[in-house]
Amino acid sequence: MGRHVHPPVRKPSLGLRILGVIGELLITIGLVLALFIVWQVWWTDIGAHQEQRELVASFRSETETPPPSEEGTRGEGPPPSLDADAIKGSVNTNTPWGVMHIPRFGDDYEVAIAEGVDLATVLDKGSLGHYPDSALPGELGNMAMAGHRQTYGAPLKNQPDLQEGDPLIIETKDYWYIYRVTSHDIVDPSYTAAVAAVPGDPTATPDKYLLTLTTCHPPFVSNQRWITYAEFDYWMPTESGTPKELL
């Protein structure tokens, strides 16, 4: 019987070997990108939501008594102002000076308001950041705030769902401040007039108590900004009760 001779094994060509290496690299890059997306979309939300629960709890622990559960009495006259010096000293420390309630986003919506709009120290913690040069509650002018629309808790994810007349309610240690949505706008990031004392007219002298929310638009592209404008409605001492919009 003759000996069976196996044909010689041909080595892959250089071109095929290069394609194989490229394919493995693409698979690895794809896995890394998938993990990054999971981290961005899912894990950062978990961390931010936990941070918010702790921040709101710490804010409430500093008040003498929790707000009563019955409807309070509206305050008379101009709204009282906050201690601006104390607040300005906490820029970009994520120390909450208030809590935002937006009934349109659910009964359990509570997000800390902190001074400054730095990404790492404020916005990426899930807080709403107050523009330091804008008005505070009780000051004539425009109180401007920023927040994420995707990832890191996404506190303003549903901002475009806000309707004219919807309440935006700010809880501070001593007072409630209730604003009503008036309009929306979509602008370029360079349009800083949206957060001016009189939105759209930086040279004008303010004569109203206003609030502006800014967030990225559209989600995950973020080459524009979604702006929501609101106007002050009324104020209420926290010791007197809770706004009817939250009951």
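Please refer to the structure placed before this passage.
So, here is what we can say about the structure in this document. (Residues numbered from 1 in each chain as written. Predicted model: local features only at pLDDT ≥ 70, side-chain atom pairs only at ≥ 80, totals over all residues. Heavy atoms only, no water.)

What about the overall build of the protein chain?
Helices and strands together make up the secondary structure of the protein chain, namely 2 helices and 8 strands. From first element to last, N terminus to C terminus, the protein chain shows the α and β order α-α-β-β-β-β-β-β-β-β. Within the protein chain, the proportion of its 247 residues that are buried is 40%. Once local pairs closer than 6 in sequence are excluded, the contacts in the protein chain between residues at least 24 apart make up 67%. Total accessible area on the protein chain stands at roughly 13,900 Å², and carbon and sulfur atoms take up 57% of it. (Helix = DSSP H or I, 4+ residues; strand = E, 2+ residues; numbered from the N terminus. Buried < 20%, exposed > 50% of the residue type's maximum accessible area, 1.4 Å probe, protein only. Contact = heavy atoms within 4.5 Å. Areas by Shrake-Rupley, 256 points an atom, 1.4 Å probe, with all protein chains shown as cover.)

A word on the sheet that holds strand S5 (residues 167–171)
The strand order around the closed barrel formed by 8 strands is S1-S2-S3-S4-S7-S8-S6-S5, and the pairing between neighbours is mixed. Between one strand axis and the next, the sheet turns by 30° as a mean value, whatever way the strands run. One ladder, built from 3 bridges, connects strand S1 (residues 96–101) with S5; its direction is antiparallel. Paired with Val 99 across the strands is Glu 171, a residue of S5. (Pairing = 2+ DSSP bridges. Axes fitted to C-alpha atoms, helices over the stretch in contact; angles between N-to-C directions.)

Some thoughts on unusual backbone geometry
Leaving glycine out, the prevailing phi sign among residues is negative, and the prevailing peptide bond configuration is trans. The step from His 217 to Pro 218 runs through a cis peptide bond, and the omega angle for that step is -15°. Here Tyr 152, not a glycine, exhibits a phi torsion of approximately 50°, which is positive. Turning to its location among the elements, Tyr 152 is positioned in the loop between strand S4 (141–146) and S5. Although it is not a glycine, Ala 154 adopts a positive phi angle of roughly 45°. Looking at the element boundaries, Ala 154 is found in the loop between S4 and S5.

Regarding the packing of aromatic side chains
Given two aromatic rings, their pairing is described by the distance between the two centres and the angle made by the two planes. What the rule picks out here adds up to 5 aromatic pairs. Where Tyr 175 meets Trp 235, the ring centres are 5.7 Å apart and the plane angle is 80°; that geometry is what we call edge-to-face. Of the two residues, Tyr 175 is situated in strand S6 (residues 175–187) and Trp 235 in strand S8 (residues 224–237); the sequence distance between them amounts to 60 residues. Judged by its relative accessible area of 24%, Tyr 175 falls in the partly exposed class. Between the aromatic rings of Tyr 179 and Phe 232, the centroid separation amounts to 5.6 Å while the plane-to-plane angle is 75°, which identifies the pairing as edge-to-face. (Phe/Tyr/Trp six-rings, centres within 6.5 Å; stacked < 30°, edge-to-face > 60°.)

Observations regarding the nonpolar core
General note: in soluble globular proteins, nonpolar side chains tend to be found buried as a group. Counting residues in hydrophobic clusters, the biggest one holds 25 residues, and the most contacted among them are Trp 97, Met 100, Met 145, Leu 168, Ile 170, Tyr 179 and Leu 211. Secondary-structure elements contributing two or more residues to this core are S1, strand S2 (111–115), S4, S5, S6, strand S7 (209–217) and S8. One finds Ile 169, Trp 176, Ile 178 and Tyr 234 within the second-largest nonpolar core, a separate group that totals 5 residues. (Core = buried A, V, L, I, M, F, W, Y, C linked by side-chain atoms within 4.5 Å.)

Here's the deal with the pattern of salt bridges
In the structure shown here, the tally under the stated rule is 6 salt bridges. Between Arg 104 and Asp 166 there is a salt bridge, with the nearest N and O atoms lying 2.8 Å from each other. Note that Arg 104 is positioned in the loop between S1 and S2 and Asp 166 in the loop between S4 and S5, a separation of 62 residues in sequence. With a relative accessible area of 40%, Arg 104 lands in the partly exposed category. Between Arg 180 and Asp 233 there is a salt bridge whose closest N-O contact spans 3.0 Å. Placement of Arg 180 in strand S6 and of Asp 233 in strand S8 is noted, with a sequence separation of 53 residues between them. Taking the relative accessible area as the measure of exposure, Arg 180 reaches 23% and is therefore partly exposed. (Salt bridge = Lys/Arg side-chain N within 4 Å of Asp/Glu carboxyl O.)

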